[in-house]
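# Commentary on secondary and tertiary structure
Letter by letter, the chains look like this.
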Amino acid sequence: MLIKTFESGSIDKFEVDCPELGTIKKVKIGHDNKGLNPGWHLKEIFIESKTSRRTWLCECNRWFDKREDDGKIERELKAVEQFGYDKKIIRYDPDLPDFERPRKKTFYEDDDTLYKITAITSELKDAGTEADVYIKIVGKHSETEKIPLEKSTTNRIKFKSDQSDVFKVTDIDVGKIKKVIIGHNNRGKNPSWHLKEIIIEKNNEKYVFPCGKWLDKKLGDGLIERELIPLENIIERSDKVHNFIGMTVNYSISVKTSDILGAGTDSDIFLKIYGQYRKSDFIELKKSLTHKNKFEQGNTDVFEIKEEFFGELVKIKVKQIVKGLNPDWHLNELIVESSDLGRRWIFPFNNWLEKNESGSHLIELFPLNNKDTVSSSNTKEYKIEVYTGDLPKCGTDSNVFITLFGEEQESSEFHLNKSENHFNKFERDNIDRFIFETNDLGRLIGIRVRHDNSGFYPSWFLNHVTISDNSDKYEFICNKWFSTKRDDCKINRIIREKNYEKNLQTLQKDQRKKKRIIKKPKDDKNKKEKTIELCNDFKYYYVKIFTGGNQNQAGTDLKAEIKIFGDNCLSKAFKLNETKSHELKFERNQIDVFEIKSEDDLGVIYAVELNLMDCLSKANDLDLEKIEIIDNNFTYKFDYNQAISIKNPVKVKYLKKIFT
């Protein structure tokens, strides 16, 4: 009777006579590709020496087939010596899923580990793939073989555009993960794949591997297999600037056109990028990777460029060459990302591009002061509920916008465009719900709400706003009109979080109280000393100006004055004449402290305006690093990080705030 070998699910045993080999390092195995069904999927090989009683395991889990996998019919397998191996657990049941199959312990591992692998496909057009995708995990102690990502636990059809697919596999514990190798076999009708990132979780450890590149033989650099390193290694490497100076870096530019009527444009758009080490020429944004017709209303267009390393991005100039039937353009924001650096820079604008003083459509954008990573793991989802009041004619047709302020940073401005529960939003006594995803802002302390006063009925009475994330819920009480004809005629308000405002008012009230002791008269021994609480009529602020040293003449003898913007009121212009910290102000690498005496409590400070005026000498270069406003125990930071060469009077406005 002929016994068939190498059948599906079978275990075949063979005895081979050969000299003692000592420690086995690897095994080469293959077939001759003959017969009606030459294709073969090998799970593993187990080798036992009868003389030394030593055992080795060679794991494979690959096809030997010219029409499957990578087309190979011969492979070299790594042999791993086994210790404490039990033959009874070699039974292989093909009906068991991977994570339930019994496994053998190797020299490196204590137990098998469950890996949760999340593959995030980019939102680009045709970014998904139909090819067979595999991953190899390389760690400090060991590495896996190529693991096929076969069944997504989150989606029926895997690897579609703008989709996250989760796979759960069990394999050896490789220790701390150093890198992964991700690729596919380039098969199917649409094998092209643009991978955003891979996230791997195991044993309460989380690793993020940014990619942001095509795995395709025709697009990008033509690679269908990539080696990715974890985000923490990218950030560590990007901090060492000398590793990138002079190198060509891939940058992805996302241009978000606002979702308001007439926001799109037919004009040509150009960017000029200014970095820490160099600046580019004007770059035309020609071919959008996401849309055939670029810069349409509500669309986000993605462009990829290769440029020599800029260093930290300082600003971007946007130039519009007006043409076409619809030349006007309302730009929401620009986002520049680099997967090579693991960095993201956000440039908010949310306005129309209009002619400047020279008659050209040219604007300058400055980045939010945070070093965001590209990783989706740094984002948080915020659920916003907007409560319109129950008063006659209190609904609005205007476009409403919101900005969130957190203890860590602030968000870009969001357009409350599409309500989750109402077609006509912001109607009388309605609750409109919105969901936005942005960077984790920390504990929320305030919001800015405004509208553009458009539509037939722009006046709006806002009752309150609630915002919740996964763990906390915040309430922002308003009870005011947003109207140019009612109440205080404001359509732009900053609203503090309810509990935060109570704590702030209590703290400010306590700290503004002064104690004064009245001495008892000499001739009256019966009178006791009295302690009288007096409330100071003035509010004192301290302004700290940080001058850098990145140029030949960092200091300046310019005359300067500052205005402070608070949610209660705007201050008058305070002259910065005498510094309390130095004899001469604005010298190189110097911190100047100025005391300001205000008649008003400005409230939460959200912006400053520094006005630099003419001077008598030629030392008129100022390397301005940042400005800090100290209000009791609260410090408001406004980073600038630019060198200013001033030949004419100039104003420096910067509205970014970090609250600590």
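Rules used throughout
Residues numbered from 1 in each chain as written. Predicted model: local features only at pLDDT ≥ 70, side-chain atom pairs only at ≥ 80, totals over all residues. Heavy atoms only, no water. Helix = DSSP H or I, 4+ residues; strand = E, 2+ residues; numbered from the N terminus. Buried < 20%, exposed > 50% of the residue type's maximum accessible area, 1.4 Å probe, protein only. Contact = heavy atoms within 4.5 Å. Areas by Shrake-Rupley, 256 points an atom, 1.4 Å probe, with all protein chains shown as cover. Pairing = 2+ DSSP bridges. Axes fitted to C-alpha atoms, helices over the stretch in contact; angles between N-to-C directions. Phe/Tyr/Trp six-rings, centres within 6.5 Å; stacked < 30°, edge-to-face > 60°. Lys NZ or Arg CZ within 6 Å of the ring centre and 35° of its normal. Patch = residues over 30% accessible without salt bridge, like charges linked within 9 Å, V, L, I, M, F, W, Y side chains within 5 Å. Salt bridge = Lys/Arg side-chain N within 4 Å of Asp/Glu carboxyl O. Polar contact = N/O pair within 3.5 Å; in protein donor to acceptor, adjacent residues only side chain to side chain. pLDDT = per-residue confidence, 0-100.

### Remarks on the overall build of the chain
A tally of helices and strands in the chain yields 2 helices and 40 strands. Considering the chain as a whole, with its 660 residues, one finds that 47% of them fall into the buried category. Within the chain, contacts between residues separated by at least 24 positions form 66% of all contacts whose residues are at least 6 apart in sequence. Carbon and sulfur atoms provide 46% of the accessible area of the chain, an area that totals close to 36700 Å².

### Digging into the sheet that holds strand β5 (residues 80-82)
Strands sit in the order β2-β3-β5 across an open sheet of 3 strands; the sheet is antiparallel. Single-partner strands in this sheet number two, and they are β2 (40-48) and β5. For this sheet, the mean angle separating the axes of adjacent strands, direction not counted, is 30 degrees. Bridge analysis of strand β3 (residues 55-64) against β5 gives 3 bridges, and the strand direction is antiparallel. Each bridged residue has a counterpart across the sheet, and for L57 the counterpart in β5 is V80.

### Quick word on unusual backbone geometry
Even without glycine at this site, D162 takes up a positive phi of about 55 degrees. Here D162 shows up in the loop between β8 (147-148) and β9 (164-171). In this structure, F586 is a non-glycine residue whose phi angle is positive, near 60 degrees.

### What to know about the packing of aromatic side chains
The tally for this structure, following the rule as stated, stands at 14 aromatic pairs. Taken together, the aromatic side chains of F6, F14, W40 and F64 make up a single cluster linked through ring pairs. Taking the ring centre of Y274 as reference, the NZ or CZ of K315 above it sits at 4.6 Å. One Lys or Arg, K626, reaches over the ring of F546 and ends 4.7 Å from the middle of that ring.

### Structural notes on a nonpolar patch on the surface
Residues F6, F14 and V16 make up a contiguous nonpolar surface patch of about 360 Å² in total accessible area. Tracing the sequence through the fold places F6 in the segment before β1 (26-30).

### Points about the environment of T154
Of note, T154 is situated in the loop between β8 and β9. Taking relative accessible area as the criterion, T154 reaches 43% and is therefore assigned partly exposed. Once residues lying within four places of it in the same chain are set aside, the contact partners of T154 are S164, D165 and V166. Here S152 takes part through its side chain, which lies 3.1 Å from a polar atom of the side chain of T154.

### Quick look at the sheet that holds strand β19 (residues 330-338)
Read across the sheet, 4 strands follow the order β17-β14-β19-β20 without closing on themselves; strand pairing throughout is antiparallel. Of all the strands in the sheet, just β17 (300-308) and β20 (343-352) have a single pairing partner and so form its edges. Averaged over all pairs of adjacent strands, the angle between strand axes in this sheet comes to 20 degrees, irrespective of strand direction. Here 8 bridges tie β19 to β20, and the two strands are oriented antiparallel to one another.

### Description of the pairing of strand β35 (residues 590-598)
Of the two faces of β35, only the one carrying Q590, D592, F594, I596 and S598 is buried; I591, V593, E595 and K597 on the other face are not. As judged from the 9 bridges shared by strand β32 (residues 539-547) and β35, these two strands associate in the antiparallel manner. Paired with I545 across the strands is D592, a residue of β35.

### Topic: the environment of F401
With respect to the helices, strands and loops of the structure, F401 is situated in strand β23 (residues 400-406). By relative accessible area, F401 is classed as buried at 3%. Spatially, the C-alpha atoms of F401 and N350 are 9.6 Å apart, while their sequence positions differ by 51 residues. Residues contacting F401, with those up to four places away along its chain left out, are I260, N350, E413, F414, H415, R448, V449, R450 and D452.

### Notes on the pattern of salt bridges
Applying the stated criterion to the full structure yields 25 salt bridges. The closest approach of N and O atoms between D390 and R428, which form a salt bridge, is 2.8 Å. Pair noted here: D390 is in the loop between β22 (379-388) and β23 and R428 is in the loop between β24 (414-415) and β25 (431-439), with a separation of 38 residues, a long-range link. Between R450 and E413 there is a salt bridge, with the nearest N and O atoms lying 2.8 Å from each other. Placement of the pair is R450 in strand β26 (residues 444-451) and E413 in the loop between β23 and β24, with a sequence separation of 37 residues. No difference in accessibility class separates R450 from E413, as the two residues are buried. Salt bridges here are not isolated pairs; linked through shared partners, they connect D173, K202 and E205.

### Describing the environment of E48
Within the secondary structure, E48 is located in strand β2. The spatial distance from the C-alpha of E48 to the C-alpha of E81 is 9.8 Å, given a sequence separation of 33 residues.

### Comments concerning the confidence of the model for the chain
For the chain, per-residue confidence averages 79 on the pLDDT scale, and residues scoring 70 or more make up 80% of the total. Averaged pLDDT values for the elements of the chain fall to 34 in strand β40 (residues 658-659) and rise to 94 in strand β27 (residues 460-468). When the criterion is pLDDT under 50, residues 513-536 qualifies, and its contacts beyond four places in sequence or with other chains add up to 23 contacts. Contacts for the low-pLDDT stretch residues 647-660, under 50 throughout, to residues beyond four places or in other chains number 55 contacts.

### Some details on the side chain of T121
Turning to its location among the elements, T121 is positioned in strand β6 (residues 113-121). At 3.1 Å, the side chain of T121 forms a polar contact with the side chain of W193. Ignoring any residue separated from it by four or fewer positions in sequence, one finds T121 in contact with A127, G128, F159, K160, S161, D162, Q163, W193, H194 and K196.

### Quick word on the side chain of H415
Within the element layout of this structure, H415 appears in strand β24. At 3.4 Å, the side chain of H415 forms a polar contact with the side chain of N399. When residues no more than four places from it in sequence are discounted, the contact partners of H415 are D259, I260, N399, V400, F401 and F436.

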